[in-house]
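Each chain is listed here by its residues.
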Amino acid sequence: ETGLLAAVEEIRELKRRKNAVVLSHFYMPAELQVKHQEGGIADFVGDSLGLSVAAKNVEADYIIFCGVKFMAETAKILNPAKQVLLPSFEAGCSLAESITGADVRRLKAQHPGVPVVAYINTYAETKAESDICCTSRNAMDIARSLGGDKLIFLPDLYMGRNLQTKIKAETGKELILWEGRCEVHEQFTPQRINGLKLMYPEAQVLVHWEVPDNTVSDALTGAGGVVGSTSDIIRFVGESQSRQFILGSECDLGATLRGMYPEKEFIVPCIKCPHMKQISIQNTLEALRAIGTAQEAMFEVRLEAEIMKRALAPIERMLAFS
Ligand code: 13P
Ligand code: SF4
């Protein structure tokens, strides 16, 4: 194994030589989130929506995607002329894996004419059967904008219920949900968050849309806080007068927040996404070394042309909306 500093140096050099950029999600291990201009390897760090927009605009030949498979697939669909390399195909997602294209076809047959909103945390074959995609950042606005009194939202049950609470009050619209769950965010139970609130009564609570709905209803009482996307959480902390926060989201977002707001304190029950943690400096380096060799195919995101075409439409609709 190459040591950390040597690996970072080699990655920076290989990116230049092989005309590659590194896109990195906020849940990556901290060393993969350091920006290139600050001596690290990431050309762009963001949430799933930000990464999609960044991927679409990449001009380099290669995108090295430090995130999970559904995100790398989305990058490939949005910029198919580029090679998208994923350092490990073990980087799955419990939400994306909870549903197939055939499941969506069955749902549509049961609810004819009802629009299908697919969370970006789905594989391409699921997106291909859907009308519009969303991320946690734009889900509420997209759900609001669709006509009719029903919509199918998939696959995250808890996020669906959290959206349902808001949207039903506003528009009376009913959501038909799937039984997917994020294996990280489902662990933020009311007991866990309430226990921390007793210990830190002044702290505001930051929870992702994917946490259970009964957690959300308790979390925001008392000192307040936010339920939202990763970017909503980051923005809320920046704008809040509070100095102390309880984070109900992925552990490494805690590292990101501490880096951005060193004057504030974050109480983080450290639950790591095992899929995101499959990506490391070491396998990122291996993906870059593989470019131009027989090993390159091992890292390459490949999708059928027909699926890519059909999955592009709902993603483009989402981006046009944003
Ligand atoms: P974001 O859309 O907030 O980046 O969420 C991605 C994710 O995997 C949440 O668990
Ligand atoms: Fe999927 Fe949850 Fe991991 Fe995000 S944190 S990639 S939703 S399992």
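Refer to the structure presented above.
What comes next is a walk through the structure. Just so it is clear, the model here is predicted, and its values are computed rather than measured. (Residues numbered from 1 in each chain as written. Chains lettered and ligands numbered in written order. Predicted model: local features only at pLDDT ≥ 70, side-chain atom pairs only at ≥ 80, totals over all residues. Heavy atoms only, no water.)

This part takes up the sheet that holds strand 10 (residues 225-228). Strand order across the open sheet formed by four strands is 10-9-11-12, with parallel pairing between neighbours. Edge strands, defined here as strands with exactly one partner in the open sheet, are strand 10 and strand 12 (265-267). Averaged over all neighbouring strand pairs, the angle between strand axes comes to 20°, with direction disregarded. By the bridge criterion, four bridges tie strand 9 (residues 204-208) to strand 10 in an arrangement that is parallel. Counted as the bridge partner of valine 207 is valine 227 from strand 10. In the packing of helix 10 (residues 230-239) onto the sheet, the strands contacted are strand 9, strand 10, strand 11 (244-248) and strand 12, and the crossing angle to strand 9 comes to about 165°. (Pairing = 2+ DSSP bridges. Helix = DSSP H or I, 4+ residues; strand = E, 2+ residues; numbered from the N terminus. Axes fitted to C-alpha atoms, helices over the stretch in contact; angles between N-to-C directions. Contact = heavy atoms within 4.5 Å.)

Neighbouring residues of ligand 1: His25, Tyr27, Asp47, Ser48, Asn121, Ser136, His185, His208, Glu210 and Thr230. Side-chain polar atom of asparagine 121 to an oxygen atom of ligand 1: 3.4 Å apart, as the coordinates give it. At 3.2 Å from an oxygen atom of ligand 1 is found a side-chain nitrogen or oxygen belonging to histidine 208. In terms of residue class, the shell around ligand 1 is built from one nonpolar, seven polar and two charged. Taken domain by domain, the makeup of the shell around ligand 1 includes at least three residues from each of domain 1 (4-91 + 276-302) and domain 3 (185-267). (Near = heavy atom within 4 Å. Polar contact = N/O pair within 3.5 Å; in protein donor to acceptor, adjacent residues only side chain to side chain. Nonpolar A, V, L, I, M, F, W, Y, C, P; charged D, E, K, R; others polar. Domains from an automatic or database assignment.)

For the rest of this paragraph, the subject is the packing of aromatic side chains. Centre distance and the angle of the planes are the two values used to describe a pair of aromatic rings. Evaluated as defined, the whole model comprises two aromatic pairs. Pairing phenylalanine 245 with phenylalanine 266 gives two aromatic rings, centres 5.5 Å apart and planes at 20°, and the pair type is stacked. Of this pair, phenylalanine 245 sits in strand 11 while phenylalanine 266 is found in strand 12, placing the two residues 21 residues apart along the sequence. A cation sits over an aromatic face here: lysine 69 above tyrosine 123, 4.5 Å from the ring centre. (Phe/Tyr/Trp six-rings, centres within 6.5 Å; stacked < 30°, edge-to-face > 60°. Lys NZ or Arg CZ within 6 Å of the ring centre and 35° of its normal.)

Lining the immediate environment of ligand 2, one finds Tyr27, Val68, Cys93, Ser94, Leu95, Asn121, Cys182, Val184, Glu210, Cys273, His275 and Met276. Here the shell around ligand 2 is composed, by residue class, of eight nonpolar, three polar and one charged.

Bringing the environment of leucine 107 into the picture now. Note that leucine 107 resides in helix 4 (residues 101-110). Separated by 70 residues in sequence, leucine 107 and leucine 177 place their C-alpha atoms 9.7 Å apart. Beyond its immediate sequence surroundings of up to four residues, leucine 107 is in contact with Ile152, Leu154 and Trp178.

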